[in-house]
Amino acid sequence: MNEALQGNNFYFEKAASVQPDPINPKLRTMEVIDTDFHFTPGWPIIRDYLTEPFKSRIFHYPATGLEYNPEPANEKPGVGQDTHGIAQTGADVLKVLDQFAVDTVILNPGYNRPQSIFNEPVLAAISSAHNDYLIDKVFPVSDRIRANMMVCHRDPHMAAAEIRRVGHHKQFAGVFTEFSALYEQLGNAKFDPIFDAMQQHGLVLTAHSGGFFPHFSPLWNGARTWIELFGNAPIGNCMAHLAAMIVQGLFDKYPEQKILFQEGGMWWLPDFMLRMDDFYLGSGGDIALVERKLASGERYLHKVPSEYVLSNVRFSTQPITIPKNQKHFSWLLELCHAKDLFCYSSDWPHQTLDPANWVVENPASIDEDLQKAILSGNSRKLYGNRL
Amino acid sequence: MVDYLIGAVGDIPEGMGRAFQAGRRTVAVFKSKGKFFALSNRCAHRGASLCDGELSDNGTVVRCPWHNWPYDLATGEHRLDPKEKQRSFPVRVEGDRIIISI
Ligand code: FES
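All figures in this text were calculated on a predicted structure; none of them were measured in a lab. As a convention, each chain's residues are numbered from 1 in the sequence order in which they are written. Written order determines the labels here, with chains lettered from A and ligands numbered from 1. Side-chain atom pairs in this predicted model are given and counted only at pLDDT of 80 or more, local residue features only at pLDDT of at least 70, and totals for whole chains, interfaces and linings cover all residues. Side-chain calculation: all heavy atoms of the structure are included, whereas hydrogens and water are not.

Next up on the list: the interface of chain B and chain A. At the junction of the two partners, chain B supplies 32 residues and chain A supplies 34 residues. Around 2,500 Å² of area is buried between chain B and chain A when both sides are counted, 52% of it from carbon and sulfur atoms. Using a 1.4 Å probe, buried area is obtained as the accessible area two parts lose upon being combined, added over both of them. Taken as a group, Leu5(B), Arg46(B) and Trp66(B) account for 29% of the area that chain B buries against chain A, more than any other trio of residues on that side. The rule for a salt bridge is simple: a side-chain nitrogen of Lys or Arg has to be within 4 Å of a carboxyl oxygen of Asp or Glu. Put simply, chain B and chain A have three salt bridges between them. Close ionic contact of Arg46(B) with Asp354(A) constitutes a salt bridge, the shortest N to O distance being 3.2 Å. Two N or O atoms count as a polar contact when they lie within 3.5 Å, although within protein this holds only if one can serve as hydrogen donor and the other as acceptor, and sequence-adjacent residues are included solely when both atoms are side-chain atoms. Inspection of the region where chain B meets chain A yields 13 residue pairs in polar contact (both at pLDDT 80 or more). Put simply, DSSP marks the helices as runs of H or I at least four residues long and the strands as runs of E at least two long, and each gets a number from the N terminus on. Taken together, the elements giving at least two residues each to the side of chain B that touches chain A come down to β1 (3–8), β2 (17–22), β5 (54–56), β9 (91–94) and β10 (97–101) of chain B. Only heavy atoms matter for contacts: two residues are in contact if any of them lie within 4.5 Å across the pair.

Rendered as structure tokens:
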């Protein structure tokens, strides 16, 4: 309580020194599941878990991609990855979960590692080491910890072998891949070995924005700013990957397969769904020529494109953008089917971190039911018994 | 306006912020180049504690610890868009005491 004090010529109240918790207290009374948290064990840990011949042939972490961020032009460093810390152990993870009022987390392998290792057998070996470390030392720490396994998705057969090797472990909730302008669309049939392997374990495919370092895509070679590369590029890249999944028949071949897109935005979804349906209904003829339809003998999709979004695709929420007009926010949430499609994510520890405050601090747009759906309900439905 | 005693001049280290409960308000008080500044503590963006931010731009700005928004210490205005504003409060030093008015 503030205390009234008398100064030389006046009265004043005494202000108490405090350490405010910026996390909304309501979140500590609700179940919160974080679907995107970057876990980055260092090289000494990974090296311990490498198998031969890699263990005796690799001496340093082979992460060689360039990292772009606006740090050179910022007086205060720390924009980009690892802004909020580095988690390398199960204890590190639990500390962050408690800080941000998260009950259960799905770890993603350190952000720029899969994409920045050029040598695919090396990437596959490091992926196995990462996964073995999780199984050996991280999962036993707490049942609150789940993870997407690391794979070399650029080589679908290597990725499939890794999924078959560790996919039985119940604390792996899914498989981590990246979508970008540098990679072929994940919906292309060349990735079917990955989806074949995932069917055996009912795993969710996480498609996380990535692939900026270095810039090899002609379009993004012209980018000069963080805003373009991280604010803008993922939106178009996400649409490209999702469109391929739908119209190249991924979900007709694998009707149970669920995809969680991360960091590709979502407010573009209403236009995407309408436009895909329109183009399909008027110009769907060449669907008969995609690999999966050539193999199945079918000519068309089983349903219109927008219906696959609702049945098979989910979006993690970070970095959500929130209009100041609450009515607009409600409309966006409704048009994007947030009550079924949105799964909360923080993206810890990156600079665009989204603590879950926004879910409970906009009650005019997000009622109690929608709060529960976004914070945990949709993720529970998505991951089923893997959570 | 109510005056609140924050503490002694030496309580806030140079280049740092500290949070204080002043009545119903939580206020972040910063010391930059020997001068004191007070802004509402909860960041207008997503609610981080500004008292944990770092000073930059030659000590004229506090950067929010969550997403780096730069607020002018003297006015509370975002450096890139003055419409995004933290409330700022007058601070004075009397003898050894820091006092803010709300
Ligand atoms: S919460 Fe302060 S910049 Fe986002």
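Bringing the pattern of salt bridges into the picture now. The tally for this structure, following the rule as stated, stands at 24 salt bridges over all chains. The closest approach of N and O atoms between Glu298(A) and Lys293(A), which form a salt bridge, is 2.8 Å. Each residue is placed in one exposure class: buried if its accessible area under a 1.4 Å probe, protein chains only, is under 20% of its type's maximum, exposed if it is over 50%, and partly exposed if it falls in between. We classify Glu298(A) as partly exposed; its relative accessible area is 30%. With a shortest N-O distance of 3.9 Å, Arg79(B) and Asp57(B) are connected by a salt bridge. Separated by 22 residues along the polypeptide, Arg79(B) in the loop between β7 (70–72) and β8 (88–89) and Asp57(B) in the loop between β5 and β6 (61–63) bring together distant segments of the chain. Accessibility expressed as a relative area gives 38% for Arg79(B), which makes it partly exposed. One salt-bridge network, held together by shared partners, links Asp57(B), Arg63(B), Asp72(B) and Arg79(B).

For the second largest pocket, the calculated volume is near 420 Å³. Contributing to the lining of the second largest pocket are 21 residues, with His84(A), Gln99(A), Phe100(A), Pro65(B) and Trp66(B) lying nearest its centre. A per-element tally of the lining of the second largest pocket places helix α2 (residues 90–99) of chain A first, with four residues. Gly is put with the polar residues, along with every residue not named as nonpolar or charged; the nonpolar set is Ala, Val, Leu, Ile, Met, Phe, Trp, Tyr, Cys and Pro, and the charged set is Asp, Glu, Lys and Arg. Classifying every residue of the lining of the second largest pocket gives nine nonpolar, five polar and seven charged. Residues are said to line a cavity or pocket when one of their atoms sits within 4 Å of a point; the points come from a 1 Å grid over protein atoms alone, cavities being sets where a 1.4 Å probe fits but cannot get out and pockets being open sets with protein on both sides within 12 Å along at least five of seven lines. Grid points are joined across faces, edges and corners, and a volume is the space filled by probe spheres set on the points.

Here we take up the confidence of the model for chain B. Across chain B, pLDDT averages 96, with 100% of residues at or above 70. For this predicted complex, the interface confidence comes out at an ipTM of 0.90, alongside a pTM of 0.94. Think of pLDDT as the predictor's per-residue confidence, scored from 0 to 100.

Residues and elements named next belong to chain B. In terms of burial, strand β3 (residues 25–32) is largely enclosed, as six of its eight residues are buried. Sheet topology places β2 next to β3; six bridges connect them, and they run antiparallel. Across the sheet, Ala22 pairs through a bridge with Arg25, a residue of β3. Linkage of β2 to β3, two consecutive antiparallel strands, is achieved through a turn of two residues, within which Gly23 is found at a positive phi near 60 degrees. Here a strand pair is declared whenever DSSP counts at least two bridges between the two strands. Judged from the six bridges that link them, β3 and strand β4 (residues 35–40) form a sheet pairing that is antiparallel. Each bridged residue has a counterpart across the sheet, and for Ser32 the counterpart in β4 is Lys35.

Locating Arg42(B) in the fold gives a position in the loop between β4 and β5. On the accessibility criterion, Arg42(B) (43% relative accessible area) is partly exposed. Sequence separation between Arg42(B) and Arg25(B) is 17 residues; the distance between their C-alpha atoms is 9.6 Å. With residues near it in sequence (within four places) discarded, Arg42(B) still touches Pro22(A), Asn357(A), Glu361(A), Gly47(B), Ala48(B) and Gln86(B).

Here the focus is the side chain of Ser127(A). Residues and elements named next belong to chain A. Mapped onto the elements of the fold, Ser127 is located in helix α4 (residues 120–138). By relative accessible area, Ser127 is classed as buried at 1%. In terms of polar contacts, Ser127 uses its side chain to reach the backbone carbonyl oxygen of Leu123, at 2.8 Å. Residues contacting Ser127, with those up to four places away along its chain left out, are Met150, Val151, Cys152 and Glu162.

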